[in-house]
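An overview of the molecular structure
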Amino acid sequence: MPRLFFALLALIAAARPVWAAPLQLPVETRTLRNGLRVLIHEDHSAPVVSSYIFFRAGSRNEQLGQTGIAHLFEHMMFNGGKKFGPGVFDDLIEGNGGSTNGYTTRDYTAYLNNFPREALPVVLDLESDRMWHLAITPQNLEQERGIVMEERRLRVDNDVEGTMNEALYLHAFVRSPYRWNTVGFMADLKQITLAQAKAYFGTYYAPNNAVLVLAGDVEPEAAFKLVDRMFGGIPSHAPPPPVNAEEPPQDGERRITIQKRAELPSVLIGWQAVRAMDPDRAALDVVSKLLTGGDSARLDEDLVRKQELVTSVGTDLQWGIDTELFYLYAQARPGKGKTVSAIVDRIDVVLADMAKTPVTPAELATAKRQLRADYVKGLKTVGGKANQLGFFDVVFGDYKALFTVGDSWEPVTADDVRRVIGTYLIPSHRTVVELQPVAAEPVEAAR
């Protein structure tokens, strides 16, 4: 889940938390003539800069037959361009004392660099070269295809949690592009052609489909001029096609069984929830903390300590442009009767009780305090600030949501908690993935 920078909570008085005023990060914005949106946060506390480029090109922008292409391009983008050849990107960044990376989500693909302030011109030159002139060759495509296919084997096919997560989304959604994993299906990865790769790059890797964020030891006016000089000549492209993620209502529980080599049974449950911008998102955030926000949280107290059914339990609400999942994961304890069925039954009991009986003011205050503390942690560095500014600009539609989203938790009441549990976290709206451990096949003794 994303992080947000706010002042720490003041003392809790009576039944209502007293909120410290949120800190406003200074941000200046410009949009170049070609549509590139630029956000600059000035912070001279250390002589370092973090750059992030967010392309609105995640797995939600893919089609069946080409799943995984967004993540494939995360790898392709390090293969050089017109001015800088293969391997030069990493060498120059690291040679200037910096680091570089990238990551792909369902909603976007982000490329990040952290470096000393003196390296800003070099970094922007590298980024503009690959945005404009990425080398998309048969050799590069085959090399990165092989790497991504191996990544799929490691992260999904041969990984218990990865297999469960893929099964959950594939069954929780029937038409939303969120249903497939960002790494894509193996069959699709095998058949992506060079022509498809070039068409994808031409559609999504355009300045008018990107947000550039600079945070750290920069002077905004000088930085804007440098960005305009480096990126201003890149032509804009036609806007990408819109995404239709409308999902039909779920009218019954869906259950899937996974058999994998593992020591203990476990369960992953997902309820179709809301978009990040939905008014009910804040109440569901609070519910997640009420359920598994610490030793005294409802599911921790019941499943881990009282019933001793599980070794651990966790919940989270994913934030997305489109409807996402509220999910729960629990691993059974060893012993007779510690079954997935018993775990799910107790989850139902806890949720039913919370939907019927109001949670206490103290529980609400603790949950809200934990949410705000989590956000504080995410903005300790200029890299964290740059990441969150870009995330909110893409997913929430405006980076300014970074400064207001925390306040959405404060008004959440016990009645709100009861209402969203009774609306969203009900058996007919959930998908249950059960892991049944299987024994490893015996290894034949060498003759």
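Refer to the structure printed above.
These figures come from a predicted structure and were not determined experimentally.

To continue, consider the packing of helix α1 (residues 69-76) against helix α7 (residues 194-204). Their axes nearest at 11 Å, the elements α1 and α7 cross at an angle of 85 degrees. By the angle between their directions, the pair α1 and α7 is classed as roughly perpendicular. Between α1 and α7, the contacting residues are I69, A70 and F73 on the first element and Q196, A197, Y200 and F201 on the second. Residues of the contact of α1 with α7, tallied by class, amount to six nonpolar, one polar and no charged.

This next bit is on the sheet that holds strand β8 (residues 210-216). In space, the six strands of this open sheet follow the order β3-β4-β8-β5-β7-β6, with mixed pairing throughout. Here the strands that pair on one side only, and so sit at the sheet edges, are β3 (27-31) and β6 (99-104). Geometrically, the sheet is characterised by an average inter-axis angle of 15 degrees between neighbouring strands, direction not taken into account. Contacting β6 and β7 (109-116), α1 runs over the sheet at an angle of about 170 degrees to β6. Running over the sheet, helix α3 (residues 120-133) touches β5 (48-55), β7 and β8 and is turned about 160 degrees from β7.

For the rest of this paragraph, the subject is empty space enclosed by the protein. Overall, the coordinates contain one cavity of 30 Å³ or more when judged by the stated rule. Estimated volume of the largest cavity: approximately 60 Å³. If you trace the largest cavity, you find it lined by M77, F78, N79, G80, G81, F84, G85, F89, L126, D129 and R130. The dominant element in the lining of the largest cavity, judged by the number of residues it contributes, is α3, at three residues.

Turning to α3, a few remarks are in order. Counted at 1.5 Å a residue, the expected span for α3 with its 14 residues is 20 Å, and the 20 Å between its end C-alpha atoms agrees. Burial analysis of α3 places ten of its 14 residues in the buried class, the great majority of the element. Residues of α3 that are buried include every one of L120, V123, L124, D125, L126, E127, S128, D129, R130 and M131, and no others. Lining the buried residues of α3 we find β5, α2 (88-95), β7, α7, β8 and α8 (220-231).

Next up on the list: the layout of surface pockets. Here the largest pocket defines a volume of roughly 790 Å³. Residue lining of the largest pocket: 29 residues in total, with R106, N165, Y169, Q318 and Y327 positioned closest to the centre. At the level of elements, α4 (138-157), α5 (160-172), β12 (325-332) and α13 (382-396) are the ones that each hand at least two residues to the lining of the largest pocket. At five residues, the largest contribution of residues to the lining of the largest pocket is made by α5. For the lining of the largest pocket, the residue count by class is 14 nonpolar, nine polar and six charged.

Attention shifts here to the sheet that holds strand β9 (residues 254-261). With respect to topology, five strands assemble into an open sheet ordered β9-β13-β10-β12-β11, the strand pairing being mixed. Looking at strand neighbours, the two that pair on one side only are β9 and β11 (310-317), the edges of this open sheet. If you compare each strand with its neighbour and ignore which way they point, the axes differ by 15 degrees on average. Sheet analysis places strand β10 (residues 266-272) next to β12, joined by seven bridges and oriented antiparallel. Residue S266 lies in a different strand from β12, and its bridge partner there is Q331. Packed onto the sheet, helix α9 (residues 281-292) meets β11 and β12 and runs at close to 170 degrees relative to β11.

Our focus in this paragraph is the packing of aromatic side chains. On inspection of all chains with the given rule, the structure shows 26 aromatic pairs. A ring pair is formed by Y52 and F54, whose centres lie 5.8 Å apart and whose planes are at 20 degrees; its orientation type is stacked. Just as Y52 is buried, F54 falls in that class too. Aromatic rings pair up to connect Y52, F54, Y103, Y108, W319, Y375, F391, F392, F396 and W409 into one cluster. The ring of F224 carries R30 above its face, with NZ or CZ at 4.3 Å from the centroid. Here R281 stacks its cationic end above the ring of W319, 4.8 Å away from the centre of that ring.

Here is what the cut-offs are and how they apply
- Here the residue numbers are simple positions, counted from 1 along each chain's written sequence.
- Per-residue local features are limited, in this predicted model, to residues with pLDDT of at least 70; the limit for side-chain atom pairs, both in listing and counting, is 80 or more; totals at the level of whole chains, interfaces and linings are taken over all residues.
- Excluded from the side-chain calculation are hydrogens and water; included are all heavy atoms of the structure.
- Between N-to-C directions, angles cover 0 to 180 degrees, with each direction set by a line fitted to C-alpha atoms, over the stretch in contact for helices.
- The numbering of helices and of strands both runs from the N terminus, where a helix is a DSSP run of H or I of at least 4 residues and a strand a run of E of at least 2.
- Each angle gets one of four labels, with under 35 degrees taken as roughly parallel, over 145 as roughly antiparallel, 65 to 115 as roughly perpendicular, and the rest as oblique.
- Two residues qualify as a contact provided that any one of their heavy atoms is within 4.5 Å of a heavy atom in the partner residue.
- Side-chain classes follow a simple rule in which Ala, Val, Leu, Ile, Met, Phe, Trp, Tyr, Cys and Pro form the nonpolar group, Asp, Glu, Lys and Arg form the charged group, and the remainder, Gly included, forms the polar group.
- In short, DSSP must find at least two bridges between two strands for them to pair.
- The distinction between a cavity and a pocket rests on a 1 Å grid over the protein atoms alone: a 1.4 Å probe fits inside a cavity but cannot get out, while a pocket stays open yet meets protein on both sides within 12 Å along at least five of seven lines, and a residue with an atom within 4 Å of a point counts as lining.
- Grid points are joined across faces, edges and corners, and a volume is the space filled by probe spheres set on the points.
- To estimate how far a helix should extend, the number of its residues minus one is multiplied by 1.5 Å.
- A simple rule labels every residue: compare its accessible area, found with a 1.4 Å probe on the protein chains alone, to the largest value its type can have, and call it buried under 20%, exposed over 50%, or partly exposed in between.
- Planes of paired rings set the category: under 30 degrees apart is stacked, over 60 is edge-to-face and the rest tilted, where pairs are Phe, Tyr or Trp rings (Trp by its six-membered ring) whose centres lie within 6.5 Å.
- Two limits define a charge over a ring: the Lys NZ or Arg CZ must be within 6 Å of the ring centre, and within 35 degrees of the ring normal.

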